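# Remarks on the overall topology
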Amino acid sequence: SRYLFTHNYFSDLGLPQTPSGEINNFSKVLFTISLAIMSLSMALFYLSLSNDGDQKSKAATLCAAFGLLSAVGVIAAGFTPYTVYPLAHRWAVIAWLVGIAVATTLYITYAGQNNIKNSKTLSMLLVTQVAVFSLHSFGFEFLPVPIPFIQKLLIYTIVVWFVSHAFWLRAVPTKANI
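Parameters and conventions
Residues numbered from 1 in each chain as written. Predicted model: local features only at pLDDT ≥ 70, side-chain atom pairs only at ≥ 80, totals over all residues. Heavy atoms only, no water. Helix = DSSP H or I, 4+ residues; strand = E, 2+ residues; numbered from the N terminus. Buried < 20%, exposed > 50% of the residue type's maximum accessible area, 1.4 Å probe, protein only. Contact = heavy atoms within 4.5 Å. Areas by Shrake-Rupley, 256 points an atom, 1.4 Å probe, with all protein chains shown as cover. Polar contact = N/O pair within 3.5 Å; in protein donor to acceptor, adjacent residues only side chain to side chain. pLDDT = per-residue confidence, 0-100. Core = buried A, V, L, I, M, F, W, Y, C linked by side-chain atoms within 4.5 Å. Patch = residues over 30% accessible without salt bridge, like charges linked within 9 Å, V, L, I, M, F, W, Y side chains within 5 Å. Salt bridge = Lys/Arg side-chain N within 4 Å of Asp/Glu carboxyl O. Expected span 1.5 Å × (residues − 1). Axes fitted to C-alpha atoms, helices over the stretch in contact; angles between N-to-C directions. Parallel < 35°, antiparallel > 145°, perpendicular 65-115°, else oblique. Nonpolar A, V, L, I, M, F, W, Y, C, P; charged D, E, K, R; others polar. Left-handed = near helix turned anticlockwise from the far one by under 90°.

If you tally the helices and strands in the protein chain, you get five helices and zero strands. If you list the helices and strands of the protein chain from N to C, you get α-α-α-α-α. In the protein chain, which comprises 178 residues, the proportion classed as buried is 42%. Long-range pairs, those at least 24 residues apart, make up 65% of the contacts in the protein chain between residues at least 6 apart in sequence. Of the roughly 9800 Å² of accessible surface on the protein chain, 70% is carried by carbon and sulfur atoms.

Summarising the element assignment, T105 is placed in helix 3 (residues 86-113). For T105, a relative accessible area of 42% corresponds to the partly exposed category. Here the alpha-carbon distance between T105 and L126, two residues 21 residues apart in the chain, equals 9.2 Å. Within polar-contact distance, the side chain of T105 engages the backbone oxygen of A101 at 2.8 Å.

Mean pLDDT for the protein chain: 78, with 78% of residues reaching 70 or above. Confidence, expressed as mean pLDDT per element, reaches its minimum in the protein chain at helix 4 (residues 120-137) with 70 and its maximum at helix 2 (residues 58-79) with 91. With pLDDT under 50 throughout, residues 171-178 is counted as low confidence; its partners more than four residues away or in other chains account for twelve contacts.

Next up on the list: the nonpolar core. Core analysis: the largest hydrophobic core is formed by 34 residues, its most contacted members being Y46, W96, I100, Y107, L154, I158 and F162. For this core, the elements supplying multiple residues, two or more each, are helix 1 (25-50), helix 2, helix 3, helix 4 and helix 5 (147-171). With nine residues, the top contributor of residues to this core is helix 3. Beyond its immediate stretch of four places on either side in the chain, I158 contacts M38, W96, I100 and L126.

Residues V29, I33 and I37 make up a contiguous nonpolar surface patch of about 280 Å² in total accessible area. Following the sequence through the fold, I33 ends up in helix 1.

Helical geometry: 3.6 residues make up each α-helical turn, so side chains three or four residues apart lie on a common side. Counted at 1.5 Å a residue, the expected span for helix 1 with its 26 residues is 38 Å, and the 37 Å between its end C-alpha atoms agrees. Among all positions in helix 1, only S27, F31, T32, L35, M38, S39, M42, A43, F45, Y46 and L49 are buried.

This part is about the packing of helix 1 against helix 2. Taken N-terminus to C-terminus, the directions of helix 1 and helix 2 make an angle of 170 degrees; their axes are 8 Å apart at the nearest point. As far as their axial angle goes, helix 2 and helix 1 are roughly antiparallel. Its residues assigned to classes, the contact of helix 1 with helix 2 comprises 19 nonpolar, six polar and no charged.

Taken N-terminus to C-terminus, the directions of helix 1 and helix 3 make an angle of 35 degrees; their axes are 13 Å apart at the nearest point. Here helix 1 and helix 3 pass one another in a crossing that is left-handed. The segment helix 1 lies against helix 3, with M38, M42, F45, Y46 and L49 engaging W96, I100, A103, T104, Y107 and Y110. The residue makeup of the contact of helix 1 with helix 3, split by class, is ten nonpolar, one polar and no charged.

Printed below as a string of structure tokens:
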């Protein structure tokens, strides 16, 4: 069977074999490379927050620590297919979700301290989506939407969040870069 956006998990792209038994090398390589790039980008983003010039705030330092935990979770999920390493994959996804939820919550504080505008709404949306996905993943289903579809919304929100904040950190003057 083929990959369906609303019914297959994102991690299915990194499996060694498809559910129908076909070898999945091309998709697996692209999946792993894309997660490595995402993980590296996340790590660099969060490390730039902890290197906040003279004003090393606790929020920035903690945000960076949880952001790095999330980045490690992303790359670990890419290298541990759930059909081969189910427990390692599950812990990697948990590290990714906990890391991104806590880092984003701390980022709201950091953004407020540094006058970074327009970050609260998207950040709150991201934290809410992490919560919804986590609840659904652990059996608390309350929306009539397949879990893999919720997961895709979360992943795309994360990408939009990072792209928008990368531009905001460079384009908007803050206490750190004035």
